[in-house]
Amino acid sequence: MNELTRFGALSAQRTEAALLRGNAVTERFGLTLTPEQCGRLLARRASALRETERIEPGEGILPKLAVALCDSPCVGPENWEEALGGLTELFYHFKGACGERLGDDELLSALVRLYNGWAGGCADRIADLDGRAILRFARTGRVGDDDE
Amino acid sequence: MTNELTRPLTDAEERLWQEKLAALLVRQIALYTANESSSVPAAAARELLRGVLFFLAVPEEPDGGGEADRAARIRTLLSCDLADELAHGQHRAQRDSALTLALWRKVVAALPPLENRSLRDTLRSVGRGFHRYDTRFFPQRFNCDIDYQLSQSVSESLLGINYVNQYLTHLAAENSLLTRLPQGEVRAVIERSCPDWRGLLVNLYAPVAANALARTLLGGEGLKLSDGEIDALRERWEHARPERIENDLLTAADELAERLILPRGAGEYLSGFAREVAARVEALRDCDGLRGLFV
């Protein structure tokens, strides 16, 4: 299915445009992305999709993630790109790890809440969780036996 | 020979096609996930895309030959609203499913009284497949087990309901002949061809049709052929040109179809079978293989 591989390039163009448009929202928090940063984020996204064997032919989750994360107490201009890239990778990982049982908005909300709260801005801490933990957190707000 | 419609797509046409197709796949993914997800596992995406191409009647990317058809179809679609075309394709799949179900019922009702397990299991499995046939997302998949092999196989380029429809059409053609011949003689030929025909995955039509063609050529009564009659055929064709062998068998097919009052499709099927028999006669005549072809 050669079309699927060609869709990646089309999707990247649309996503980059959406990210740059999204600067209008995120810049209120002092956060913007340059075209070069967008390029790097799109490369990470493409790599994450490949590794998790997923296809996302449209704009996808990155622009939504930027809007959801821009008011986070754990991000600033110095780590804005890394935060977006790390959470994007986690997003695609957990879509599969949660057995496709979490919709985009649910999972996005869960990851942002974890990042801002329990993980304290450390995406690696979230990466140590498994799909069941994320499902439980998304549904109950609890990570294991700890309150969120 | 290429023309304006069938020549390879230009880069601009290819880009436009990719954009329109991607937009349609985004839509299908949204519908498939009830708007919950913008991404799906690659395997699901592949099947959703195959479904889209099925609905749009675009051949899947061919290995060789067939590119002209694909280019022509895509070129026609470039000026269309693909969402509309997809909806038309879904209606077409639903309609074809209903028509094929009706065909399945006819085939089941008109089965020859031959207790072949794989034939009955296959028809049962096909019947169950209609309940699960998905005309929203995956029309290219019709889940059933087809164990009973036809004497002339269905093209693997046909997918989903199209494959099943062609399979049942061919099966109906085969059964048309089998039910019009004396049943005792039909059984005798099948028995000689394969004693365990009830349990094995054998085609019932081929030995009967081959003998019926031979009997039409030779004249006389009954479907079974004696060793002397098979020898007579071998002598007849020993030094004959391939065209003569084919002509003999095609003429026999026409006569047989007329005598049995076969429906047109069954007559055409018999002619196709006659061509295959002619090719096998040519290959086998030198090594006394006609005794395996005719029984």
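Residues numbered from 1 in each chain as written. Chains lettered and ligands numbered in written order. Predicted model: local features only at pLDDT ≥ 70, side-chain atom pairs only at ≥ 80, totals over all residues. Heavy atoms only, no water.

### Things to note about the pattern of salt bridges
For the structure on display, the rule yields 28 salt bridges over all chains. One salt bridge connects Glu56 of chain A with Arg45 of chain A, and the closest N-O pair in it is separated by 2.9 Å. Linking Glu56 of chain A in the loop between strand 1 (54-55) and helix 3 (62-69) with Arg45 of chain A in helix 2 (residues 35-51), this pair joins segments that are eleven residues apart in sequence. Residue Glu56 of chain A is classed as buried on the basis of its relative accessible area of 5%. Judged by its relative accessible area of 4%, Arg45 of chain A falls in the buried class. Across the pair Arg241 of chain B and Glu243 of chain B runs a salt bridge, and its minimum N-O distance is 3.2 Å. For Arg241 of chain B, a relative accessible area of 59% puts it in the exposed group. When salt bridges that share partners are traced, they join Glu4, Arg7, Glu13 and Arg75 of chain B into one network. (Salt bridge = Lys/Arg side-chain N within 4 Å of Asp/Glu carboxyl O. Helix = DSSP H or I, 4+ residues; strand = E, 2+ residues; numbered from the N terminus. Buried < 20%, exposed > 50% of the residue type's maximum accessible area, 1.4 Å probe, protein only.)

### Re the nonpolar core
Judged by nonpolar contacts, the single largest core of 97 residues is most densely connected at Trp17, Leu56, Trp237, Leu249, Leu270 and Phe294 of chain B. Discounting residues that sit within four places of it in the chain, Leu270 of chain B has contacts with Leu177, Tyr205, Ala209, Leu213, Ala253, Leu256, Ala257 and Leu262 of chain B. The next biggest cluster of nonpolar side chains, apart from the first, holds 43 residues, and it includes Leu87, Tyr92, Leu114 and Leu129 of chain A. (Core = buried A, V, L, I, M, F, W, Y, C linked by side-chain atoms within 4.5 Å. Contact = heavy atoms within 4.5 Å.)

### Topic: the interface of chain A and chain B
The extent of an interface is frequently quoted as the accessible surface area lost upon association of the parts. Across the contact, 21 residues belong to chain A and 23 residues belong to chain B. Carbon and sulfur atoms supply 60% of the area buried between chain A and chain B, which totals about 1,900 Å² over both sides. Counting across the interface, chain A meets chain B through nine residue pairs in polar contact (both at pLDDT 80 or more). Among the secondary structure elements, those contributing two or more residues to the side of chain A that touches chain B are helix 1 (2-26), strand 1, helix 4 (80-97) and helix 5 (104-116) of chain A. Looking at the side of chain A that touches chain B residue by residue, the classes come out as eight nonpolar, four polar and nine charged. Inspection of the sheet shows strand 1 of chain A paired to strand 1 (residues 40-41) of chain B by two bridges, in the antiparallel sense. Its bridge partner being in strand 1 of chain B, Ile55 of chain A is matched across the sheet by Val40 of chain B. (Buried area = accessible area lost by both parts, 1.4 Å probe. Polar contact = N/O pair within 3.5 Å; in protein donor to acceptor, adjacent residues only side chain to side chain. Nonpolar A, V, L, I, M, F, W, Y, C, P; charged D, E, K, R; others polar. Pairing = 2+ DSSP bridges.)

### A few points about helix 2 (residues 42-55) of chain B
Look at helix 2 of chain B: 20 Å from first C-alpha to last across 14 residues, which is about the 20 Å you get at 1.5 Å a residue. Burial runs high along helix 2 of chain B: eleven of the 14 residues are buried. Within helix 2 of chain B, the full set of buried residues consists of Ala42, Ala44, Ala45, Glu47, Leu48, Leu49, Gly51, Val52, Leu53, Phe54 and Phe55 of chain B. Buried residues along helix 2 of chain B sit against helix 1 and strand 1 of chain A together with helix 1 (11-32), strand 1, helix 4 (82-109) and helix 6 (160-180) of chain B. After helix 2 of chain B finishes, the residue Ala57 of chain B shows a positive phi value of roughly 60°. (Expected span 1.5 Å × (residues − 1).)

### What about unusual backbone geometry?
In this model, Glu53 of chain A sits at a positive phi of 55°, which is unusual for a non-glycine residue. Looking at where Glu53 of chain A falls in the secondary structure, it is placed in the loop between helix 2 and strand 1. On the basis of relative accessible area, Glu53 of chain A is assigned to the exposed category, the value being 58%. Positive phi, normally seen in glycine, also occurs at Ala34 of chain B, with a value near 50°. Within the secondary structure, Ala34 of chain B is located in the loop between helix 1 and strand 1.

All quantities given are derived from atomic positions and should not be read as evidence of function.
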